[in-house]
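Descriptive analysis of the structure
Given next are the chains, with one letter for each unit.
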Amino acid sequence: MMHNRIDLRSDTVTWPTPAMREAMASAPVGDDVYGDDPTVNELEAAAADILGKESALFAASGTMGNQLAIMAQVNRGDEIILSERSHIVVHEAGAAAILSGAQLRCLPVQNGLMDLTQLEQTIRKHPEDIHSPRTALICLENADSDGRILPSDYLSAVRALADRYSIPIHLDGARLFNAEAGGSLTAKEIASMVDTVQICLSKGLCAPVGSLLAGPRDVIALARRKRKILGGGMRQAGILAAAGLLALQEQRQRLADDHDLARWIYDELSRYPKWFRLEAEPEINMVFFRLTGFPFSEQELFEKLAERNILINEADDHVFRVVTHYWVTKEDAAQLIRTLVSIGESV
Ligand SMILES: *Cc1c(COP(=O)(O)O)cnc(C)c1O
């Protein structure tokens, strides 16, 4: 495989593994809209089993999986309570408003966590009042886009609160298996504290396409209908599901390696406090840092790295993010550090 650049922008840049390409080429397929694609059926069953849910549904993307969970559980004018930093709020192009007519109640977070008192205050207490919207859903994200893993006592506290008011919880688990690899709970234990959960196969797990939404049988059946509405009923989707099966069976086990490599990069960068100020210690496959006293601007650093075939995103609010994944080797990580140092020393 040609590997002439080091791509640290995201774990979504991962190509399928050679084993995935082989499995895709030989996958048994059928028409999934008829329900007879054996590979899709196997993938959905495997995901339901791993997540401890009654049923699962293959979706084109994480965004589609999240939106199907909302479409299946939220009526027009209903409210969803969630973090103001969540993917559903920031990165899904207003889909919850467009597709479900949902009203998003966005709460601030500290270290990624909503304040539980504020969460309880935000829940609508009088749905029978004709003035009052109904709180239909609480959404969480684990791991979150800032690379944090939700503590298990926070998860159980939100669960207890949701139960008190009979509100379902949807978990955006785009990186659920990173939370599993980096934290104290298994994916199944985390999923047991929520009603529906969306997982991405196409991030650190290397599948080219796809997500799964898992949950109670009736919710998933409704989501399947909503998926058709979105044009997401795909035909011989087993070609994609074949890669998804390997994502769950093989890639899931190795995410801890990505976390170790992120940790290594973090430790190396910490040796240059005159140039880099590290954010919190990595919990998953992401390292965040700022420049401090570096002889070049953020934009210049970004460009100089790109000239040397090392890709990272431009700084977001002065914070750079480096993401490790299957296609980033230890040698690539060492190359990143060497290159940063040589740029720093080049004045
Ligand atoms: C990537 C991601 C998604 C879904 O992304 P798609 O690009 O639509 O697959 C959802 N939530 C979070 C937190 C993500 O990081």
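Going along each chain's sequence as written, the residues are numbered from 1 onward. Only residues with pLDDT of 70 or above have their local features reported here, since the model is predicted, and side-chain atom pairs are shown and tallied only from 80 upward, although totals for entire chains, interfaces and linings are computed over all residues. Based on all heavy atoms of the structure, the side-chain values leave hydrogens and waters out of the count.

This part covers the site of the ligand. We define proximity as follows: a residue is near a molecule or strand when any one of its heavy atoms falls within 4 Å of that partner. Around the ligand, the structure places S61, G62, T63, N66, H87, E92, E141, D172, A174, R175, C200 and K203. Within the contact set of the ligand, an oxygen atom lies 2.6 Å away from a side-chain nitrogen or oxygen of T63. K203 is positioned with one of its side-chain polar atoms (N or O) 2.5 Å from an oxygen atom of the ligand. Protein burial of the ligand: of its 380 Å² of free accessible surface, 83% is covered by the chains. Each helix corresponds to a stretch of at least 4 residues labelled H or I by DSSP, and each strand to a stretch of at least 2 residues labelled E; elements are numbered beginning at the N terminus. A per-element tally of the shell around the ligand places helix α3 (residues 62-73) first, with 3 residues. For this analysis, a polar contact is any N or O atom pair within 3.5 Å, provided that within protein one partner can donate a hydrogen and the other can accept it, and provided that sequence-adjacent residues contribute only side-chain to side-chain pairs. The protein chains shown are the only cover counted for residues, whose accessible areas, like all others here, come from Shrake-Rupley with a 1.4 Å probe.

The next subject is the nonpolar core. Counting 60 residues, the largest nonpolar core has L51, L140, F177, V197, L201, L212 and L248 as the members making the most contacts within it. Tallying contributions element by element places helix α11 (residues 238-251) first for this core, with 7 residues. Counting the residues that make up this core, at least three belong to each of domain 1 (6-11 + 254-344) and domain 2 (16-250). Put simply, a nonpolar core is a bunch of buried Ala, Val, Leu, Ile, Met, Phe, Trp, Tyr and Cys residues held in one set by side-chain atoms that sit within 4.5 Å of each other. We call a residue buried when its accessible area falls under 20% of the maximum for its residue type, exposed when it is over 50%, and partly exposed in between, using a 1.4 Å probe and counting protein chains only. Among the nonpolar cores identified, the runner-up in size contains 29 residues, and I6, L269, I310 and I312 belong to it. An automatic or database domain assignment provides the domain bounds reported here.

Here a cavity denotes a set of grid points, spaced 1 Å apart and computed over the protein atoms alone, in which a 1.4 Å probe fits but from which it cannot get out, and a pocket denotes an open set meeting protein on both sides within 12 Å along at least five of seven lines; residues with an atom within 4 Å of a point are reported as lining. Grid points are joined across faces, edges and corners, and a volume is the space filled by probe spheres set on the points. The full count for this structure, using the stated rule, is 1 cavity of 30 Å³ or more. Reported here for the largest cavity is a volume of approximately 50 Å³. Forming the boundary of the largest cavity are G173, A174, R175, L176, F177, N178, C200, K203, G204, L205 and L255. The element best represented in the lining of the largest cavity is helix α8 (residues 176-182), accounting for 3 residues.

Turning our attention to the domain arrangement of the protein chain. Under the domain assignment, the protein chain is made up of domain 1 (6-11 + 254-344) and domain 2 (16-250). On a C-alpha basis, the centroid separation for the pair domain 1 and domain 2 is 29 Å. Contact definition: two residues touch when any of their heavy atoms are within 4.5 Å. Taken together, the contact pairs 14 residues of domain 1 with 21 residues of domain 2. Summed over both sides, the interface between domain 1 and domain 2 buries roughly 1,400 Å², with carbon and sulfur atoms accounting for 57% of that surface. Looking at the side of domain 1 facing domain 2, the largest losses of area belong to D11, L255 and E283, adding up to 41% of the total buried there. Between R175 and D11 there is a salt bridge, with the nearest N and O atoms lying 2.8 Å from each other. Linking domain 1 with domain 2 are 3 residue pairs in polar contact (both at pLDDT 80 or more), by the criterion used here. Summed over both partners, the accessible area (1.4 Å probe) lost when two parts come together is defined as the buried area. A pairing counts as a salt bridge when a side-chain nitrogen of Lys or Arg comes within 4 Å of a carboxyl oxygen of Asp or Glu.

Before going further, it helps to spend a moment on the sheet that holds strand β2 (residues 55-59). One open sheet accounts for 7 strands, arranged β2-β10-β9-β8-β7-β3-β4; its pairing is mixed. The outermost strands of the open sheet, each flanked by one partner alone, are β2 and β4 (103-107). Neighbour to neighbour, the strand axes of the sheet diverge by 20° on average, direction disregarded. Think of each axis as a best-fit line through the C-alpha atoms, taken over the contacting stretch in the case of a helix, with angles from 0 to 180 degrees between the N-to-C directions. Helix-sheet contacts for helix α10 (residues 217-229) involve β2, β9 (196-200) and β10 (211-215), and the interaxial angle to β2 is about 20°. Pairing between strands requires that DSSP locate at least two bridges from one strand to the other.

Attention now goes to the state of the cysteines. For this text, the term disulfide refers to a pair of cysteine sulfurs within 2.5 Å. Under the criterion given, the structure shown has 0 disulfides. No disulfide involves C139; its nearest neighbouring cysteine sulfur is the one of C106, lying 10 Å away. For the unlinked cysteine C206, the closest cysteine sulfur is that of C200, found at 13 Å. With a relative accessible area of 0%, C206 lands in the buried category.

Bringing the packing of aromatic side chains into the picture now. Centres within 6.5 Å are what make two rings of Phe, Tyr or Trp a pair, Trp counting through its six-membered ring; a difference in plane orientation under 30 degrees is then read as stacked, over 60 as edge-to-face, and the rest as tilted. Tallying each qualifying case throughout the model produces 9 aromatic pairs. Seen from their ring centres, Y272 and W275 are 5.8 Å apart, and the 10° between their planes marks the pair as stacked. For the residue pair Y272 and W275, the accessibility class agrees, reading buried in each case. Ring centres of W275 and F294 lie 5.6 Å apart, and the angle between their planes is 80°; this geometry places the pair in the edge-to-face category. Here F294 lies in the loop between β12 (286-291) and α13 (298-307) and W275 lies in the loop between α12 (255-269) and β11 (276-278), a separation of 19 residues in the sequence. Judged by its relative accessible area of 6%, W275 is buried. Accessibility expressed as a relative area gives 9% for F294, which makes it buried. Taken together, the aromatic side chains of Y272, W275, F276, F289, F294, F296 and F320 make up a single cluster linked through ring pairs. Between K274 and the ring centre of W275, over which it is positioned, the NZ or CZ distance is 4.4 Å. For a Lys NZ or an Arg CZ to count as sitting over a ring, it must be within 6 Å of the ring centre and within 35 degrees of the ring normal.

Its location among the elements puts D7 in strand β1 (residues 6-7). Owing to a relative accessible area of 10%, D7 belongs among the buried residues under this scheme. Polar side-chain contacts of D7 include one of 2.6 Å to the side chain of R9. Aside from chain neighbours lying at most four places away, what touches D7 is V13, L311, V323, H325 and V328.

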